[in-house]
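Structural description and commentary
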Amino acid sequence: MKIIKEAAGGEGAALTAGDLELIGALARRPLSQEEVYTFSVRLCDNEIDRDFERFSPQTLEQLAPLFVGRSGIFDHQWSALGQAARIYKTQLVREPDRMTKTGEGYCWLKGFAYMMRTERVKDLIAEIEGGIKKEVSVGCAVEHAVCSVCGCDRTMTDCGHQKGKEYGGQLCYATLEGAVDAYEFSFVAVPAQPMAGVVKTVRRGGGAALERLEKEAALGRKYLDSLRGEMVRLAMLADQELDGRTMQSLADKLSHQELEELTKSFSRRAGERLPVNTQLNYGKKQDSRDENRAFLA
């Protein structure tokens, strides 16, 4: 699952001897302090973003070493002509006194980047120093997008829960887990958002393929809504003491496999409690002569 996240960055970074050593490990020769310009960027964090997705702290830890050595480019244009900087170290910053919407301590991934002080990047350095170039976006890949409501992996199946919607008072969002790779970070023109203001795009292809997926997803959601309603109806028939709102809240949290199993179970129990009697009797018809047998000679 390839993702793009955008956040605030472009802060100054003090250069130390240890930094020069790390930078030298990426260069073909040792570089002096006068030759390089360094700055820091806020890459991504563990807060729920405006697309109702978030990185877990563990994923941020996994991404930290993957971003070392990655290039800084512009607007995710993967071209060598746009390479302007390179990340030489990362740091996971924890702010335990600051809580996220999920109730855990806030943390974010900080990247330290360097550029060569050449005429070509002189204007870019001036824009970073002047606060013009502040927004950066990262491209990376993760294995899973876990639904906060039912726990299913949304990269494998559509559970039907809509991100941003509440189910039984619980907000639906996806947690991005299992870092696979980090590609680059880009200078972008998207404004920084509150609390790192991440913006993410899932690259799944476009055009007819995307339209088909959207139609299939809509049909899947319609089927799940119908299945939830049927499960609740059968549950109430099977046990009249059950609370309808409680059952609906439960149904909203279940995957389609769980819904199907419970629907079958409640259907069987409802049938046992309220058996269907036929109006027509096809049993052996009583011989009318039996009624008058006593009067036959």
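Before any of the text, the structure's been laid out above.
All of the points below concern the structure found in this document. Bear in mind that the values here come from a model prediction, so they are computed numbers and not experimental data. For every chain, the first residue of its written sequence is number 1, and the numbers climb from 1 along that sequence. At least 70 in pLDDT is required for a residue's local features to be given in this predicted model, at least 80 for side-chain atom pairs to be given and counted, and no such filter applies to totals for whole chains, interfaces and linings, which use all residues. As a convention, hydrogens and water are excluded, and side-chain values are obtained from all of the structure's heavy atoms.

On to the pairing of strand β6 (residues 105-116), then. Only protein chains enter the accessibility calculation, which uses a 1.4 Å probe; a residue is then buried when its area is under 20% of its type maximum, exposed when over 50%, and partly exposed in between. A run of H or I in DSSP becomes a helix once it reaches four residues, and a run of E becomes a strand once it reaches two; helices and strands are each numbered from the N terminus. β6 sits mainly inside the fold: 10 of its 12 residues count as buried. Here strand β2 (residues 36-45) pairs with β6 via 9 bridges, running antiparallel. Bridge assignment links cysteine 44 to a residue of β6, and that residue is leucine 109. Pairing of strand β5 (residues 85-99) with β6 involves 10 bridges; the strand directions are antiparallel. Within β6, the position partnered with isoleucine 87 by the bridge is alanine 113. DSSP bridges decide pairing: two strands pair if at least two such bridges lie between them. Between the antiparallel neighbours β5 and β6 lie 5 residues, among them glycine 103 with a positive phi of about 90°.

Looking at helix α5 (residues 244-253), one finds that the buried residues are Met247, Ala251 and Asp252. The buried side chains of α5 occupy one side of the element, clustering within an arc of 140° when seen end-on. Any N or O atom pair separated by 3.5 Å or less is treated as a polar contact, with the protein-specific requirement of one donor-capable and one acceptor-capable atom, and with residues adjacent in sequence counted only for side-chain atom pairs. Looking at where α5 begins, the residue whose side-chain oxygen comes 3.3 Å from the main-chain nitrogen of arginine 245 is aspartate 243. Read the arc as the range of directions from the helix axis to the C-beta atoms.

The next subject is the layout of surface pockets. The gaps of empty space that remain are located by a probe, the size of a water molecule, rolled over the atoms. A cavity here means a set of 1 Å grid points, computed over protein atoms only, where a 1.4 Å probe fits but cannot escape. A pocket is an open set with protein on both sides within 12 Å along at least 5 of 7 lines, and lining residues have an atom within 4 Å of a point. Grid points are joined across faces, edges and corners, and a volume is the space filled by probe spheres set on the points. Considering only enclosed or pocket space, the second largest pocket measures out at about 220 Å³ in volume. What lines the second largest pocket is a set of 13 residues, among which Ala84, Ala85, Tyr114, Met115 and Met116 lie closest to the centre. At the level of secondary structure, the elements contributing two or more residues to the lining of the second largest pocket comprise β5 and β6.

All right, on to the packing of aromatic side chains then. Geometrically, a pair of aromatic rings is defined through the distance of the ring centres and the angle of the planes. Ring geometry is summarised as follows: Phe, Tyr and Trp rings, the Trp one being its six-membered ring, pair when their centres sit within 6.5 Å, and such pairs are stacked at plane angles under 30 degrees, edge-to-face over 60 and tilted between the two. Within the structure shown, the criterion is met by 3 aromatic pairs. For the ring pair tyrosine 37 and phenylalanine 39, a centre distance of 6.0 Å and an interplane angle of 25° mean the geometry is stacked. With respect to class, tyrosine 37 is no different from phenylalanine 39; both count as buried. Geometrically, a charge over a ring is one whose NZ (Lys) or CZ (Arg) sits within 6 Å of the ring centre while staying within 35 degrees of the ring normal. Between arginine 42 and the ring centre of tryptophan 108, over which it is positioned, the NZ or CZ distance is 3.7 Å. Note that lysine 89 overlies the ring of phenylalanine 112, its terminal NZ or CZ placed 4.6 Å from the centroid.

The subject of this paragraph is helix α2 (residues 57-67). Taken together, the buried positions of α2 are occupied by Pro57, Thr59, Leu60, Leu63, Ala64 and Phe67. What you see down the axis of α2 is that its buried residues fit within an arc of 155°, all on one side. Buried residues along α2 sit in contact with β2, β3 (53-55), β5, β6, β7 (135-147) and β10 (174-187). Phi turns positive, to about 90°, at glycine 69, one or two residues after α2. Residues count as neighbours in contact if any of their non-hydrogen atoms are within 4.5 Å of one another.

With that settled, the discussion passes to the pattern of salt bridges. In what follows, salt bridge is the name for a side-chain nitrogen of Lys or Arg lying within 4 Å of a carboxyl oxygen of Asp or Glu. Under the counting rule described, the total for this entry stands at 10 salt bridges. Close ionic contact of aspartate 19 with lysine 89 constitutes a salt bridge, the shortest N to O distance being 3.0 Å. Of this pair, aspartate 19 sits in helix α1 (residues 17-26) while lysine 89 is found in strand β5, placing the two residues 70 residues apart along the sequence. Its relative accessible area of 3% is what places aspartate 19 among the buried residues. Residues glutamate 119 and lysine 122 are paired through a salt bridge, measuring 3.2 Å at the closest nitrogen-oxygen approach. A relative accessible area of 63% means that glutamate 119 is categorised as exposed.

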